[in-house]
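Structural overview
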Amino acid sequence: MKRCNYLNSAEFDELLALQAFANHCGQIAKNCADPQWRKWLKTADSFITKVIEDRVLAMDRDQRKGLERRVYHSDVLVVQKNLVCLNENTKQQITLDWEDFMDILDLSMNACYGCPQGESVKSCKFKDIFLKLGLPVTRENPADGECPYRFDNEMRWIDPEGKEIKNVRNI
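A short tour of the structure in this document, coming up.

Quick look at the overall build of the protein chain
Scanning the protein chain from terminus to terminus reveals six helices and two strands. Put simply, the protein chain runs from its N terminus to its C terminus through helices and strands in the order α-α-α-β-β-α-α-α. Counting every position in the protein chain, which comprises 171 residues, the buried fraction comes to 26%. Working note: accessible area of the protein chain is about 13100 Å², and carbon and sulfur atoms make up 54% of it.

Looking at the environment of Met-59
Mapped onto the elements, Met-59 comes out in the loop between helix 2 (35-57) and helix 3 (61-71). Accessibility expressed as a relative area gives 4% for Met-59, which makes it buried. Sequence-wise, Met-59 and Asn-5 are 54 residues apart; in three dimensions their C-alpha atoms are separated by 4.4 Å. Aside from chain neighbours lying at most four places away, what touches Met-59 is Cys-4, Asn-5, Leu-7, Phe-12, Leu-15, Arg-64 and Leu-67.

Here we look at the packing of helix 1 (residues 9-31) against helix 3
Between two packed helices, what matters for the description is the angle formed by their axes and the separation of those axes. Between helix 1 and helix 3, whose axes approach to 10 Å, the crossing angle comes to 45°. With respect to their mutual orientation, helix 1 and helix 3 come out oblique. Crossing hand, helix 1 versus helix 3: right-handed. On the side of helix 1, the interface is formed by Phe-12, Asp-13, Leu-15, Leu-16, Gln-19 and Asn-23, while helix 3 contributes Gln-63, Gly-66, Leu-67, Arg-70 and Val-71.

Overview of the nonpolar core
Counting eleven residues, the largest nonpolar core consists of Leu-7, Phe-12, Leu-15, Leu-16, Ala-22, Ile-48, Ile-52, Val-56, Met-59, Leu-67 and Val-71. Mapped by element, the contributors of at least two residues to this core are helix 1, helix 2 and helix 3. Take this core: its biggest share by element is four residues, from helix 1. Those residues in contact with Ile-52 that lie beyond four places of it in its chain are Leu-15, Leu-18 and Gln-19. Within the second largest apolar cluster, nine residues are counted, among which are Phe-101, Val-121, Phe-130 and Leu-133.

Quick word on a nonpolar patch on the surface
Together, Ile-94, Leu-96 and Ile-104 give the surface a local cluster of nonpolar side chains, amounting to about 240 Å² of exposed area. Checked against the element boundaries, Ile-94 lands in the loop between strand 2 (92-93) and helix 4 (98-110). Exposure remark for Ile-94: the relative accessible area of 34% places this residue in the partly exposed category.

Thresholds, definitions, all that
Residues numbered from 1 in each chain as written. Predicted model: local features only at pLDDT ≥ 70, side-chain atom pairs only at ≥ 80, totals over all residues. Heavy atoms only, no water. Helix = DSSP H or I, 4+ residues; strand = E, 2+ residues; numbered from the N terminus. Buried < 20%, exposed > 50% of the residue type's maximum accessible area, 1.4 Å probe, protein only. Areas by Shrake-Rupley, 256 points an atom, 1.4 Å probe, with all protein chains shown as cover. Contact = heavy atoms within 4.5 Å. Axes fitted to C-alpha atoms, helices over the stretch in contact; angles between N-to-C directions. Parallel < 35°, antiparallel > 145°, perpendicular 65-115°, else oblique. Left-handed = near helix turned anticlockwise from the far one by under 90°. Core = buried A, V, L, I, M, F, W, Y, C linked by side-chain atoms within 4.5 Å. Patch = residues over 30% accessible without salt bridge, like charges linked within 9 Å, V, L, I, M, F, W, Y side chains within 5 Å. Salt bridge = Lys/Arg side-chain N within 4 Å of Asp/Glu carboxyl O.

Right, here's the structure in full:
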């Protein structure tokens, strides 16, 4: 960005992104429990807002009105790059339909119900992959030896359709 009366489209988008991010920082700060982090988020919001306000003062009045209108229709969107990568060395990528990807995750999570927990959680490949993909955990503070992706500690046998198989003898 530079100081001038008019912004080109890239600079205009940068300014919109800054405004959306400043708004997002403010929202995160409101929900933040840690006082130090909340202070830093509010500081980031303040500094970004100062840059925006100073930049807007130099803008043409009509373009400023257009910016003010578009700010209300802009938000922060996080897009993860390289969501599925076969091998980090070769950078090969797989493109999947989102529903297919979620089906694969559901099927792999069904295996979790047969997990005895404990020591096997430390070396669990499913857990490592889920964490690498950034999937949200179901337990934020699992006890030592408990998996963050299990709803409970009860072992079950689940068929590929996700139905529990009753009357299975413990091995």
